[in-house]
Amino acid sequence: MRLNVKCFATLAEKSPPGGACELPEGADVARLMDSLQLPAAEVKIIFINGVAVEPDAVLHDGDRVGLFPAVGGG
């Protein structure tokens, strides 16, 4: 299946080329993070198609995935 993936802030360098990633059907977000070499501890917020999810969320063809690190502010 083909996914549209964007990593934000300090994770941006891990975004796949062209923002596209291929994974087998039934893969979850944890497998996606592994394929991008993103340690789970670095990813704090995950969105699939604009909805916040956990790493065990199953992905589907055409999903838009956003991966965010912890965000500080002041």
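Residues numbered from 1 in each chain as written. Predicted model: local features only at pLDDT ≥ 70, side-chain atom pairs only at ≥ 80, totals over all residues. Heavy atoms only, no water.

By the naming in an unreviewed UniProt entry, the chain goes by Molybdopterin synthase sulfur carrier subunit and is assigned to Desulfovibrio fairfieldensis.

K.L.:
Got a minute to help me understand the pairing of strand E3 (residues 45-48) in this structure?
P.N.:
Strand residues, when the strand is regular, have side chains that alternate between the two faces of the sheet. Across the two faces of E3 the burial differs, with Ile46 and Ile48 buried and Ile45 and Phe47 not buried at all. As paired elements, E3 and strand E5 (residues 64-68) share four bridges and run antiparallel to each other. Bridge pairing links isoleucine 46 to leucine 67 in E5. By the bridge criterion, three bridges tie E3 to strand E4 (residues 51-53) in an arrangement that is antiparallel. (Buried < 20%, exposed > 50% of the residue type's maximum accessible area, 1.4 Å probe, protein only. Helix = DSSP H or I, 4+ residues; strand = E, 2+ residues; numbered from the N terminus. Pairing = 2+ DSSP bridges.)

K.L.:
Looking at this model, I keep getting lost on the packing of aromatic side chains. Mind explaining?
P.N.:
Between two aromatic rings, the relevant description is the distance of the centres plus the angle of the planes. Taken as a whole and assessed by the stated rule, the structure comprises two aromatic pairs. Seen from their ring centres, phenylalanine 8 and phenylalanine 68 are 4.2 Å apart, and the 0 degrees between their planes marks the pair as stacked. Residue phenylalanine 8 is found in the loop between strand E1 (2-7) and strand E2 (20-22), and its partner phenylalanine 68 is found in strand E5; the two are separated by 60 residues along the sequence. Residue class for phenylalanine 8 comes out partly exposed when judged on its relative accessible area of 27%. Grouped by ring-pair contacts, the aromatic residues Phe8, Phe47 and Phe68 constitute a single cluster. (Phe/Tyr/Trp six-rings, centres within 6.5 Å; stacked < 30°, edge-to-face > 60°.)

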